[in-house]
Amino acid sequence: MPIRQLSETMINQIAAGEVIERPASVVKELVENALDAGASRVEIVTAGGGLNLIRVTDDGSGIPEPELALAIARHCTSKLTEDINDIRSLGFRGEALPSIGSVSRLSIRSRTATSDSAAEIGIDGGRVSAIRPAAANRGTTVEVRDLFFATPARLKFMKGERAESSATSDVIKRIAIAFPAVRFTLAGSDRSTLELPAADDGAEGSLRRIAQVMGADFPDNSIAIDAMREGVHLTGHVSIPSFTRANALQQYAYVNGRPVRDKLIAGAIRGAYADVLPRDRHAVTVLFLSLDPAIVDVNVHPAKADVRFRDPGLVRGLIVGSIRQALADSGIRAATTGAAGMMAAFRPGPASYGHGGPANGHRSYDAAYRASGSSGFDAARSSQRPLDMGFEGAGFEHRGLRENEQAAFDAGASADARAGQTEAAETLLGAVLGAARAQVHENYIVAQTRDSLVIVDQHAAHERLVYEALKNALHSRPVPSQMLLLPEIIDLPEEDAERLALHSETLARFGLGIERFGPGAVAVRETPSMLGETNVGQLVRDLADEIADNDTVETLKERLDKIAATMACHGSVRSGRLLKAEEMNALLRQMEATPGSGTCNHGRPTYIELKLADIERLFGRR
């Protein structure tokens, strides 16, 4: 087949295949155009998941009538200067509108502030109609109908209406976080209305918009980030270790205001939380990177979802270091959702029995009733009996328990250490974790502050304390190494061997002695003593892969930290050990002084706090 020039329609449809993946992609492009036009209000309406209708209306600067024809032509844009390295807008290629118009029925109606009337132009499957007058307020309305009607094969790959609607909502939320001063409305017959009111453009307004998108719990369980390194500015909020999600969908990242899904940023977030989260849990984050447009390439992905940094090691180090520093500086904090879960567990369930006892919906009373049988229930012998029902012969008086029954409770004091026999010092009650009052089930420390009740898992807490001490000892000096009897020669691609040689000094501090051995190999002469017998070849190849991806040697550090975690688990206070009041209070003070002690090495919370106000609500006092 001879080489020939493709038609303009075919070219646009090919471009649409790259840029317009689904209805949410169309919404993204149109909303970005509205924001680039300076809109303060953006309204989106969809139908049929966006396949039948997408309408985006804004109050931006509008498009002058003479420029409407250019707006739907390929590679025509007002956002790009002659310098491709100086991109300061969300869009810049000039491909979105002609690409959308080639696979749908597109109409654009726009009016500028200086125009007496609006103008409208349309494209139907690539065929452009003449410009005509129209009635409209200042701004632009773009309407897309019958998406992919011109490429029916693409329709077969669309998901259900609900899935497409959900993807559109996610796009709007992701963009809205970066523009708190803009009011967003998403409505339609295929969805419930999403409305995000405009907020201030400052830090408080940004946090308010984040709460609108991510839920009211996030601000109370997050830490502010603000750091600068070599011209790269990082701001945002990250969750405390005990506030997590089952997936990474609530990790939002922005580069110069542009929403991105970048694997380097995602990997940096994982690395920052590696010590405090289990593998199946993910932090909740909103991070904004601001840097010179010349040192980041946003033109590496058709949908501009990925970016490439000139110095990826700098960006990764900034994110990891800033998050870890913020977690350390924030002190010990428990997620507010833990208290909510505890309240839900304490709250009585509905009554499901019909006898005249004091039901009030208590499940334990119901269990006792069922166990005894409905006909043979004896309230005097029930373990769930109230304190005063007139059964004086059964050990009860009108004044409550007699002395011998009360002594039975006191006799069990050896099973649970009671730290609260004496009044706690006022200074201890003012501490973050308060004063230890008791140890229950030989594993949980019950402490009291001035306005809350704290329950601590003694094993999990001490495990974290031992782990942090081991890590500090491990990384405060070079890691001890063991000399191999015979150096192990590892064959590698030339570029991997070169990367390892460049990082040989850093690897030596972690106990791994590496040197070049010919053009495509390295010789390993020493390995960290802590690793014992290990697969040296696999370790070196893993390090080479990580250096290629992130320009770091975290793999070796993570392996050493994992061994320290195992040692901490076996060397910490075991469950079932009785503690004296002094020991419990000492453990609480150590937790307050140790960064990251809100979770154990496996990511489980070490304590839960229940505010006095919540306790009073449980008892109906509020």
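Fair warning: this is a prediction, and the values are worked out from it, not measured in the lab. (Residues numbered from 1 in each chain as written. Predicted model: local features only at pLDDT ≥ 70, side-chain atom pairs only at ≥ 80, totals over all residues. Heavy atoms only, no water.)

Chemist: Is there a simple way to think about the overall build of the chain in this case?
Modeler: For the chain, the count of helices and strands is 21 helices and 27 strands. For the chain, the residues scored as buried account for 45% of the 622 residues in total. For the chain, long-range pairs separated by at least 24 residues make up 65% of all intrachain contacts whose partners lie at least 6 apart in sequence. Of the roughly 31100 Å² that the chain leaves accessible, carbon and sulfur atoms contribute 52%. (Helix = DSSP H or I, 4+ residues; strand = E, 2+ residues; numbered from the N terminus. Buried < 20%, exposed > 50% of the residue type's maximum accessible area, 1.4 Å probe, protein only. Contact = heavy atoms within 4.5 Å. Areas by Shrake-Rupley, 256 points an atom, 1.4 Å probe, with all protein chains shown as cover.)

Chemist: Please explain the packing of aromatic side chains as it appears in this structure.
Modeler: Within a pair of aromatic rings, the relevant descriptors are the distance that separates the centres and the angle that separates the planes. The full count for this structure, using the stated rule, is two aromatic pairs. Between Phe218 and Phe243, the ring centres sit 6.5 Å apart and the planes meet at 50°, which makes this aromatic pair tilted. Placement of the pair is Phe218 in helix α8 (residues 217–220) and Phe243 in the loop between β11 (232–239) and β12 (244–245), with a sequence separation of 25 residues. Residue classification places Phe243 among the buried positions, given a relative accessible area of 2%. Here Tyr254 and Phe288 contribute two aromatic rings whose centre-to-centre distance is 5.0 Å and whose plane-to-plane angle is 20°, an arrangement assigned as stacked. Of this pair, Tyr254 sits in strand β13 (residues 251–255) while Phe288 sits in strand β16 (residues 285–290), and the two are 34 residues apart along the sequence. For the pair formed by Tyr254 and Phe288, the shared burial category is buried. (Phe/Tyr/Trp six-rings, centres within 6.5 Å; stacked < 30°, edge-to-face > 60°.)

Chemist: Which parts of the structure should I look at to understand helix α16 (residues 494–502)?
Modeler: Structural remark: α-helix, 3.6 residues per turn; residues separated by three or four positions point the same way. Among all positions of α16, only Asp496, Ala497 and Leu500 are buried. Axial view of α16: buried residues confined to an arc of 100°, hence all on one face. (Arc of directions from axis to C-beta.)

Chemist: Sorry, what's going on with unusual backbone geometry here?
Modeler: As a rule of thumb, non-glycine residues mostly have phi less than zero, and peptide bonds are mostly trans rather than cis. The phi angle at Asn256 is positive, at roughly 50°, despite the residue not being glycine. Along the chain, Asn256 turns up in the loop between β13 and β14 (258–260). Taking the relative accessible area as the measure of exposure, Asn256 reaches 34% and is therefore partly exposed.

Chemist: How should the sheet that holds β11 be read in this particular structure?
Modeler: Adjacent strands of a sheet form backbone hydrogen bonds with each other and so pair up, either parallel or antiparallel. One open sheet holds the five strands; their spatial order is β10-β11-β16-β13-β14, and the pairing between them is mixed. The outermost strands of the open sheet, each flanked by one partner alone, are β10 (222–229) and β14. Each strand axis lies, on average, 20° off the axis of its neighbour in the sheet, ignoring direction. Where β13 meets β16, five bridges bridge the pair, whose relative direction is parallel. The partner of Gln251 across the bridge, within β16, is Thr285. Strand contacts of helix α6 (residues 161–178): β13, β14 and β16, with the helix running at about 55° to β13, the strand carrying the most contacts. Contacts between helix α7 (residues 203–214) and the sheet are confined to β11, β13 and β16, with β16 contributing the most and set at about 135° to the helix. (Pairing = 2+ DSSP bridges. Axes fitted to C-alpha atoms, helices over the stretch in contact; angles between N-to-C directions.)

Chemist: What is the right way to look at the sheet that holds strand β26 (residues 521–528) in this model?
Modeler: In space, the three strands of this open sheet follow the order β24-β26-β25, with antiparallel pairing throughout. Of all the strands in the sheet, the pair left with one neighbour each is β24 (481–491) and β25 (513–516). Each adjacent strand pair in this sheet contributes to an overall mean axis angle of 20°, direction not counted. As judged from the four bridges shared by β25 and β26, these two strands associate in the antiparallel manner. By the bridge assignment for β26, Arg516 is matched with Val522.

Chemist: Even after reading the chapter, I still don't get the environment of Val128, so can you show me in this structure?
Modeler: Checked against the element boundaries, Val128 lands in strand β5 (residues 127–128). By relative accessible area, Val128 is classed as exposed at 52%. Residues within four places of Val128 in sequence aside, it is in contact with Ile72, Ile121, Gly122 and Ile123.

Chemist: Help me out: how do you make sense of the packing of helix α15 (residues 458–475) against helix α20 (residues 581–593) in this one?
Modeler: When two helices pack together, their arrangement is given by the angle between the helix axes and the distance between those axes. Put simply, α15 and α20 touch, their axes get as near as 10 Å, and they point 50° apart. In terms of their interaxial angle, α15 and α20 are classed as oblique. Read as a crossing pair, α15 and α20 show a hand that is left-handed. Residues Gln458, Ala461, His462 and Leu465 of α15 form the contact with α20, whose own contacting residues are Leu587, Gln590 and Met591. Here the residues of the contact of α15 with α20 are counted per class, giving four nonpolar, three polar and no charged. (Parallel < 35°, antiparallel > 145°, perpendicular 65-115°, else oblique. Left-handed = near helix turned anticlockwise from the far one by under 90°. Nonpolar A, V, L, I, M, F, W, Y, C, P; charged D, E, K, R; others polar.)

Chemist: For this particular structure, what's the right way to read empty space enclosed by the protein?
Modeler: If you roll a probe as big as a water molecule over the atoms, it shows you where there is empty space left. For the structure shown, the criterion picks out one cavity of 30 Å³ or more. Here the largest cavity is characterised by a volume of approximately 100 Å³. Pro241, Gly331, Arg333, Gly596 and Gly598 are, among the 13 residues lining the largest cavity, the residues nearest its centre. Here the lining of the largest cavity is built from residues that sort into five nonpolar, seven polar and one charged. (1 Å grid on protein atoms, 1.4 Å probe; cavity = no way out; pocket = protein on both sides within 12 Å on 5 of 7 lines; lining within 4 Å. Points joined across faces, edges and corners; volume = space filled by probe spheres on them.)

Chemist: Just checking my understanding: could you explain the environment of Pro312 for this structure?
Modeler: Its location among the elements puts Pro312 in helix α10 (residues 312–329). Given the relative accessible area of 27%, Pro312 is considered partly exposed.

Chemist: What am I meant to see in the pairing of strand β21 (residues 435–440) here?
Modeler: Looking along a regular strand, one sees side chains alternate from face to face of the sheet. Here β21 lies mainly inside the structure; five of its six residues are buried. Looking at chain direction, β21 and strand β22 (residues 444–448) are connected through five bridges and run antiparallel. Bridge pairing in β22 links Ala436 to Ala447. The hairpin turn running from β21 into β22, its antiparallel successor, is three residues long, and His441 in that turn takes a positive phi close to 50°.

Chemist: What should I look at first to understand the pattern of salt bridges in this one?
Modeler: Should their charged atoms come close, side chains of opposite charge can pair. Per the stated rule, a full pass over the model turns up 24 salt bridges. Of the charged contacts, one joins Lys28 and Glu29 as a salt bridge, the two residues approaching to 3.9 Å between their closest N and O atoms. Relative accessible area serves as the criterion here: at 17%, Lys28 is assigned to the buried category. The closest approach of N and O atoms between Glu120 and Arg109, which form a salt bridge, is 3.9 Å. Placement of the pair is Glu120 in strand β4 (residues 118–124) and Arg109 in strand β3 (residues 105–111), with a sequence separation of eleven residues. For Glu120, a relative accessible area of 12% gives the class buried. Within this structure, Arg41, Glu43, Arg183 and Glu195 form a network of salt bridges that share partners. (Salt bridge = Lys/Arg side-chain N within 4 Å of Asp/Glu carboxyl O.)

Chemist: Any chance you could explain the layout of surface pockets here in plain terms?
Modeler: Here the largest pocket is characterised by a volume of approximately 1300 Å³. Taken together, 41 residues make up the lining of the largest pocket; nearest its centre are Arg270, Gly271, Ala274, Arg279 and Glu558. Looking at the lining of the largest pocket, the element that brings in the most residues is helix α19 (residues 554–571), giving ten residues. Class assignment of the residues belonging to the lining of the largest pocket gives a composition of 13 nonpolar, nine polar and 19 charged. In this structure, the second largest pocket spans a volume of roughly 760 Å³. Around the second largest pocket sit 32 residues that line it, and Asn33, Ile63, Ser78, Lys79 and Leu97 are the ones nearest its centre. Among the secondary structure elements, those contributing two or more residues to the lining of the second largest pocket are α2 (23–36), β2 (53–58), α3 (68–71), α4 (96–102) and β7 (139–145). Take the lining of the second largest pocket: its biggest share by element is five residues, from α2.

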